[in-house]
Amino acid sequence: MGKLFGTDGIRGIANETLTCEMAFRVGQAAAIVLGEKKEGKPLFLIGRDTRISGDMLESCLVAGLCSCGANVLRLGVIPTPGVAYLTVLNHADAGIVISASHNPYAYNGIKIFSGEGFKLNDDLEAHIEELILSGEALPVKTGGEIGKAADGTYQSDEYIRYLASKVEEQSLFGLRVLIDCANGAASATAKRLFRRYPMNVEFIHDTPDGVNINAGCGSTHLQDLSRRVVEGCYDVGIAFDGDADRCLAVDENGTLVDGDHIMAICAQALRAEGKLPGDGFVATVMSNLGLHKYVKANGLKMLCADVGDRNVLEMMQREGMCLGGEQSGHVIFLDDLTTGDGQLCALHFLSILASSGKSLSELSGEIPTYPQILLNVPGPHNAADKQALLTHPDLQTAIDEKNKEMDGDGRILVRASGTEALIRVMVEASTQVVAEHVAEDLVNIVESIQKIK
């Protein structure tokens, strides 16, 4: 991980840590690095979510790209995976997304996709970062070599048509669905997509104003969706995050159906159709112990990658698997798209639910869930300092002791956040009381180590 690029691009508070000057230099550096071997002007696509700072940062990025000779197609407000798909469709050299995903509106971020629709590799990110941080004026073009920007908002129709082609219309017949757009990017696409299907579908949190993205809504705040699903007697509720690359669900009782459950349900359906290579999928080290037990009991195979959809994708490609994702709702259907797509995941999931003849609580209830506690501890910003804390002997000894106490009926994971100055302590145990006790003890250890330093 570099000084700027975290596990999901560059992220910070707009006009504080993510400034206009920074966005301008990102545009310049990306045009130079990704256009290095290009004959003629490289083409970049840019999309964004609904944050108030999106227009500002987009203008700065476009100025930087054009100043260094790149042409730009502005896609407007569109889900992150839409940018990845359209980058490939247009044979562009790269796609850029301006979004901070599930973070509050004050944050924003810059994420870059390659011309193949995948996140940039570490070497290219490092090269771009080196130019940004060099402090030197970057070489610009003059005259006819300056790039041009054009409106490409119409291209979202192509993206929607592609998603709709992946699930037959009649497969969703008769469902009653409530969709939470998180006042984010899905607000611009979800109605045009889901209203194509013969189901009763309604939408909430679909009126973004620049500051209400993820505010008490979406995949990180499911309470309102859960309440409305129960009150309205819906079969299922679907929630996206700010850039719509995540999908979570709630059942007819308002109970969470997380990414672990969604993957397990989709894996079983794909295997039944003969479309699950190796009878397996890729999850992460954060996946619940209950999922591990369900997979084993049902003859499925599950591999665990480090947290982050990039890590999941790399393992999927390496192991030849078509399904993978995270408990948080990033689910990748690699046969369809190069990145996780919340709307695509929702379509596949709803199709499976409709054809199962079961309620979602019945379908999801087949997968056990161990009580899980996740606590965040303020930690160092620097990656090296985070690693030193995680490998501290006192912390390692405490983890070993707690694992012995749980005697194999639980799990502990202490890791550093890839995007924030936090240490995340996750504990699963047979009971909520045990999980809380172990997690709180480990938080105290982490805090005491930092005080000593």
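Residues numbered from 1 in each chain as written. Predicted model: local features only at pLDDT ≥ 70, side-chain atom pairs only at ≥ 80, totals over all residues. Heavy atoms only, no water.

Draft legend 1. Fine view of the sheet that holds strand 4 (residues 94–98). The six strands are arranged 1-5-4-2-3-6 in an open sheet whose pairing can be described as mixed. Two strands in the sheet have a free side with no partner beyond their single neighbour: strand 1 (10–13) and strand 6 (149–151). On average, adjacent strands in this sheet sit at an angle of 20 degrees to one another, irrespective of strand direction. One ladder, built from six bridges, connects strand 2 (residues 43–48) with strand 3 (residues 71–77); its direction is parallel. Bridging from a neighbouring strand, Leu 45 pairs with Leu 73 of strand 3. Running over the sheet, helix 1 (residues 20–34) touches strand 1, strand 2, strand 4 and strand 5 (107–114) and is turned about 5 degrees from strand 5. (Pairing = 2+ DSSP bridges. Helix = DSSP H or I, 4+ residues; strand = E, 2+ residues; numbered from the N terminus. Axes fitted to C-alpha atoms, helices over the stretch in contact; angles between N-to-C directions. Contact = heavy atoms within 4.5 Å.)

Draft legend 2. Spotlight on the side chain of Arg 424. One can find Arg 424 in strand 18 (residues 422–429). On the accessibility criterion, Arg 424 (13% relative accessible area) is buried. Only 3.1 Å separates the side chain of Arg 424 from the side chain of Ser 417, close enough to count as a polar contact. Those residues in contact with Arg 424 that sit more than four places away from it in its chain are Leu 374, Leu 375, Asn 376, Leu 413, Val 414, Arg 415 and Ser 417. (Buried < 20%, exposed > 50% of the residue type's maximum accessible area, 1.4 Å probe, protein only. Polar contact = N/O pair within 3.5 Å; in protein donor to acceptor, adjacent residues only side chain to side chain.)

Draft legend 3. Inspection of the pairing of strand 3 at higher detail. Assessed by its sense of winding, the connection that carries the chain from strand 2 through helix 2 (residues 54–67) to strand 3 is right-handed. Where strand 3 meets strand 6, three bridges bridge the pair, whose relative direction is parallel. Considered in strand 6, the bridge of Leu 73 is made with Ala 150. (Right-handed = clockwise from strand over helix to strand, strands pointing away.)

Draft legend 4. Fine view of the packing of helix 1 against helix 4 (residues 122–133). As a packed pair, helix 1 and helix 4 sit with axes 9 Å apart at the nearest point and diverge in direction by 130 degrees. Of the possible angle classes, the one that applies to helix 1 and helix 4 is oblique. Along this stretch, helix 1 crosses helix 4, giving a crossing that reads as right-handed. Every residue of helix 4 that contacts helix 1 at Met 22, Arg 25, Val 26, Ala 29, Ala 30, Ile 32, Val 33 and Leu 34 is listed here: Leu 124, His 127, Ile 128, Leu 131 and Ile 132. Split into classes, the residues belonging to the contact of helix 1 with helix 4 amount to 11 nonpolar, one polar and one charged. (Parallel < 35°, antiparallel > 145°, perpendicular 65-115°, else oblique. Left-handed = near helix turned anticlockwise from the far one by under 90°. Nonpolar A, V, L, I, M, F, W, Y, C, P; charged D, E, K, R; others polar.)

Draft legend 5. Spatial organisation of the pairing of strand 4. Extensive coverage of strand 4 is indicated by the burial of five of its five residues. Side chains of strand 4 alternate between two faces, with Ala 94, Ile 96 and Ile 98 and Gly 95 and Val 97 buried alike. As defined by bridge partners, strand 2 adjoins strand 4 across five bridges and the pair is classed as parallel. Its bridge partner being in strand 4, Gly 47 is matched across the sheet by Val 97. Two elements, strand 4 and strand 5, share five bridges in a ladder whose sense is antiparallel.

Draft legend 6. Highlighting a nonpolar patch on the surface. Together, Ile 52, Tyr 105 and Val 211 line one region of the surface with nonpolar side chains, adding up to about 270 Å² of accessible area. Residue position: Tyr 105 is located in the loop between strand 4 and strand 5. Judged by relative accessible area, Tyr 105 falls into the partly exposed class, the value being 37%. (Patch = residues over 30% accessible without salt bridge, like charges linked within 9 Å, V, L, I, M, F, W, Y side chains within 5 Å. Areas by Shrake-Rupley, 256 points an atom, 1.4 Å probe, with all protein chains shown as cover. Salt bridge = Lys/Arg side-chain N within 4 Å of Asp/Glu carboxyl O.)

Draft legend 7. Here's a closer look at helix 1. Compared with the 21 Å implied by 1.5 Å per residue over 15 residues, the 21 Å span of helix 1 between its first and last C-alpha is a close match. Most of helix 1 sits inside the fold, with 11 of its 15 residues counted as buried. Those residues of helix 1 not exposed but buried are Met 22, Ala 23, Arg 25, Val 26, Gly 27, Gln 28, Ala 29, Ala 30, Ala 31, Val 33 and Leu 34. Those residues of helix 1 that are buried lie in contact with strand 1, strand 2, helix 2, strand 4, strand 5 and helix 4. (Expected span 1.5 Å × (residues − 1).)

Draft legend 8. A look at the pattern of salt bridges. All told, the structure shown has 22 salt bridges when counted by the stated rule. For Lys 191, the salt bridge goes to Asp 206, with nearest N and O atoms at 2.7 Å. Note that Lys 191 is positioned in helix 6 (residues 190–194) and Asp 206 in the loop between strand 8 (200–204) and helix 7 (223–231), a separation of 15 residues in sequence. Across the salt bridge formed by Asp 409 and Lys 293, the nearest N and O atoms sit 3.9 Å from each other. Of this pair, Asp 409 sits in the loop between helix 14 (393–406) and strand 17 (410–416) while Lys 293 is found in helix 9 (residues 289–297), placing the two residues 116 residues apart along the sequence. When its relative accessible area of 40% is taken as the criterion, Lys 293 is described as partly exposed.

Draft legend 9. Molecular detail of the sheet that holds strand 18. As summarised here, the arrangement of the three strands in space is 16-18-17, forming an open sheet in which the pairing is antiparallel. Of all strands in the sheet, those with a lone pairing partner are strand 16 (372–378) and strand 17, marking the two edges. Here the strands of the sheet are splayed against their neighbours by 10 degrees on average, with no regard to which way each runs. In this structure, strand 16 lies alongside strand 18, joined through seven bridges in antiparallel fashion. Within strand 18, the residue paired with Leu 375 across the bridge is Val 425. On top of the sheet, helix 14 reaches strand 17 and strand 18; it is set at about 160 degrees to strand 17, its chief contact.

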